[in-house]
Amino acid sequence: MSRAETEGEAEVEAEAIRVQDTAVRKPSPLWTFGLFRSELLTTFRRWRTIALLAVLAAVPILIGIAIKIETRDGSTGGGGGGEGPAFISQITNNGLFLVFTALAATLPFFLPMAIGVIAGDAIAGEANAGTLRYLLVAPAGRTRLLLTKYATTMTFCLVATLVVALSALTVGALLFPLGELTTISGTRISFTEGLGRAFLIALVVAASLIGVAALGLFVSTLTNSGIAAMATTVGLLITIQILDQIPQLHALQPYFFSHYWLSFADLMRDPVYWDDLVRNLGLQGLYAAVFGSAAWARFTAKDITA
């Protein structure tokens, strides 16, 4: 073999190595989708995730049965008003109100707790299991992996909220009549429009949890213990909600991520009152930006040893 042929083969081999290295450094969008799909399957196949969704689905069932038992003599359950759990007073007239009641009952604690568990375990759980380093050996990259984990957590937010809503809708249809709805403003809307508002409320509730998801992800980058990250996230959640109830802190409360959570009730007004809804979504976006950036800064500089 001549020298020219040898040099030509060496150049071809070097070019092949360079192309391979480039492919490793720059994963294709299809590979990114594959990573996201793998994270989704891993998350939703865990018994812990299934148990959390089962608990969330059970809440509307328990509420519906309790109200059915309480009102079997013809009385109406719940109180007046119209916000949050006060929707209970309307359930006996229209089972669709069980959707609003169930979301109001689960949003202060059950839904955020479930999100805190998933988000808190996202990075710390991998480190604790010794799989984080192997994920980063693959052509993932820390930023790409972190975004995938956050997208998976947000998907869980949506799924968990829809599980509550669908469970409540099913139980409401089985135990109570369905039909036209009376809004908080006293106007009547069709069942179809009410169903559309229920779906919109579920989306707003899911969006209300993006701040908790970002906070949990940030906490997850601070430790290698999944249990510690989950406990810390849930502890912060409970602390913030306690502080949100102290009158002396009224000046700070509009900045707590949970302050406007129940503003979704304004979607049952006619016309819809948007002010608090916009404040809520803006506040969640701010929390997502701040704690998401903090999680990125911490994770990209973190020494991965497990």
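Above this text you will find the structure in question.
Note that the coordinates shown come from a computational prediction; the quantities given were computed from them, not determined experimentally.

**A word on helix 5 (residues 97-106)**
Side chains that are three or four residues apart share a direction in an α-helix, a result of its 3.6 residues per turn.
So, step 1. Counting buried residues along helix 5, 9 of its 10 residues qualify, which places the element largely inside the surrounding structure.
So, step 2. Among the residues making up helix 5, those that are buried are Phe97, Leu98, Val99, Phe100, Thr101, Ala102, Leu103, Ala104 and Thr106.
So, step 3. Looking at the buried positions of helix 5, the neighbouring elements they touch are helix 3 (47-70), helix 4 (88-91), helix 6 (110-129), helix 8 (142-175), strand 1 (181-182) and helix 9 (191-207).

**Quick look at the side chain of Thr183**
So, step 1. Summarising the element assignment, Thr183 is placed in the loop between strand 1 and strand 2 (188-189).
So, step 2. Among the polar contacts made by the side chain of Thr183, one reaches the side chain of Thr187 at a distance of 2.8 Å.
So, step 3. Excluding residues that lie within four positions of it along the chain, Thr183 makes contacts with Ile189, Arg197, Met268 and Asp270.

**Considering the environment of Ala102**
So, step 1. Positionally, Ala102 belongs in helix 5.
So, step 2. For Ala102, a relative accessible area of 0% translates into the label buried.
So, step 3. Sequence-wise, Ala102 and Val59 are 43 residues apart; in three dimensions their C-alpha atoms are separated by 7.0 Å.

**Side note on the nonpolar core**
So, step 1. With 58 residues, the main nonpolar core has Val99, Phe100, Phe156, Ile201, Phe257 and Phe264 as its most contacted residues.
So, step 2. Mapped by element, the contributors of at least two residues to this core are helix 3, helix 5, helix 6, helix 8, helix 9, helix 10 (210-220), helix 11 (226-243) and helix 12 (275-301).
So, step 3. Phe257 has contacts with Val212, Leu215, Leu237, Ile240, Asn280, Leu283, Gln284 and Tyr287, leaving out every residue within four places of it along the chain.

**What about the environment of Gly141?**
So, step 1. Residue position: Gly141 is located in the loop between helix 7 (132-137) and helix 8.
So, step 2. Here the alpha-carbon distance between Gly141 and Thr300, two residues 159 residues apart in the chain, equals 9.1 Å.

**Observations regarding the packing of aromatic side chains**
So, step 1. Counted according to the given criterion, the structure contains 7 aromatic pairs.
So, step 2. Consider the rings of Phe218 and Phe291, whose centres lie 5.9 Å apart with planes at 50°: the pair is tilted. With Phe218 in helix 10 and Phe291 in helix 12, this residue pair connects regions lying 73 residues apart in the sequence.
So, step 3. In this structure Phe291 comes out as partly exposed when scored by relative accessible area, which is 21%.
So, step 4. Ring pairing ties together the aromatic residues Phe218, Phe257, Trp261, Tyr287 and Phe291, which thus form one cluster.
So, step 5. The ring of Phe299 carries the charged tip of Arg142 above its face, separated from the ring centre by 6.0 Å.

How each quantity is defined
Residues numbered from 1 in each chain as written. Predicted model: local features only at pLDDT ≥ 70, side-chain atom pairs only at ≥ 80, totals over all residues. Heavy atoms only, no water. Buried < 20%, exposed > 50% of the residue type's maximum accessible area, 1.4 Å probe, protein only. Helix = DSSP H or I, 4+ residues; strand = E, 2+ residues; numbered from the N terminus. Contact = heavy atoms within 4.5 Å. Polar contact = N/O pair within 3.5 Å; in protein donor to acceptor, adjacent residues only side chain to side chain. Core = buried A, V, L, I, M, F, W, Y, C linked by side-chain atoms within 4.5 Å. Phe/Tyr/Trp six-rings, centres within 6.5 Å; stacked < 30°, edge-to-face > 60°. Lys NZ or Arg CZ within 6 Å of the ring centre and 35° of its normal.

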